[in-house]
Amino acid sequence: MENNLLLHTCCAICLLNFLNSLKDNFKIILFYYNPNIHPFQEYEKRLKAIEKISRLKNLDLIIPLYTPIEFLNKTKEYRKEKEGGKRCEICFQIRIEKTAQFAKENNFLYFSTTLITSPQKDKNLIDLLANKIAKEKNINYFTLKEISFIKKEEIKKLDIYSQKYCGCIYSIY
Ligand code: SF4
């Protein structure tokens, strides 16, 4: 069976960090599922940047339906939490769960997420959530041992959009 990996992709910079850190050999397919991103124009800007990397690196990209209501319904109780709190945990969970489910239904051997490469996010928590989901769904979660960040000059050279806030409406303010 092919060593295929469905990679939840949150933004272009995290994707570049992931690819830069990867030492294993996978057939990667990108999965842009981010219902947390607000507003829609921002969702599109990030998607365009990912499309550019997918073309450059010759990686297929799957774009499921944008479902912001799902995110808002599940997190509204925690809207006043600081970044890194319970709201973010649910935000990770929503995106990882959908990725794992899609991977399972479409015969991927592995799934992973570029969220683990963001210096602003708790990699241990994301790994913990993803491993739990992997066990429940009986699929393999792949994580990186070390993150090798892409150089600023390289990002500049690629001329890709780099966001100024995490993503949700709460993080804008
Ligand atoms: S701050 Fe970022 S991780 Fe936390 S809920 Fe908002 S978009 Fe998700």
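Calculation rules
Residues numbered from 1 in each chain as written. Predicted model: local features only at pLDDT ≥ 70, side-chain atom pairs only at ≥ 80, totals over all residues. Heavy atoms only, no water. Core = buried A, V, L, I, M, F, W, Y, C linked by side-chain atoms within 4.5 Å. Buried < 20%, exposed > 50% of the residue type's maximum accessible area, 1.4 Å probe, protein only. Helix = DSSP H or I, 4+ residues; strand = E, 2+ residues; numbered from the N terminus. Contact = heavy atoms within 4.5 Å. Polar contact = N/O pair within 3.5 Å; in protein donor to acceptor, adjacent residues only side chain to side chain.

A.B. asks: Mind laying out the nonpolar core, listing which residues take part and the relevant values?
C.D. replies: With 52 residues, the main nonpolar core has Ile28, Phe111 and Ile160 as its most contacted residues. Here this core takes eight residues from helix H4 (residues 86-105), the largest share from any one element. With residues up to four places along the chain from it excluded, the contact list for Ile160 reads Ala12, Ile13, Leu16, Ala49, Lys52, Ile53 and Ile155.

A.B. asks: Summarise the side chain of His8; cite the residues concerned and give the values.
C.D. replies: Within the fold, His8 resides in strand S1 (residues 4-8). A distance of 3.0 Å separates a polar side-chain atom of His8 from the backbone oxygen of Tyr33. Engagement of the side chain of His8 in a polar contact is seen with the side chain of Asn34, the distance being 3.0 Å. Sequence-distant contacts of His8, defined by excluding residues within four places in its chain, comprise Phe31, Tyr33, Asn34, Arg95, Thr99, Ser112, Thr113, Thr114 and Leu115.

A.B. asks: Tell me about the side chain of Thr114, and name the residues and values.
C.D. replies: Looking at where Thr114 falls in the secondary structure, it is placed in the loop between strand S4 (110-113) and helix H5 (123-137). Within the local environment of Thr114, its side chain forms a polar contact with the backbone nitrogen of Cys10, the two atoms lying 2.9 Å apart.

A.B. asks: Lay out helix H1 (residues 12-21) with the relevant residues and their values.
C.D. replies: Counted residue by residue, H1 has eight buried out of ten residues, so it is predominantly covered. Along H1, the residues classified as buried are Ala12, Ile13, Cys14, Leu15, Leu16, Asn17, Phe18 and Ser21.

The quantities given are spatial measurements derived from coordinates; they are silent on function.
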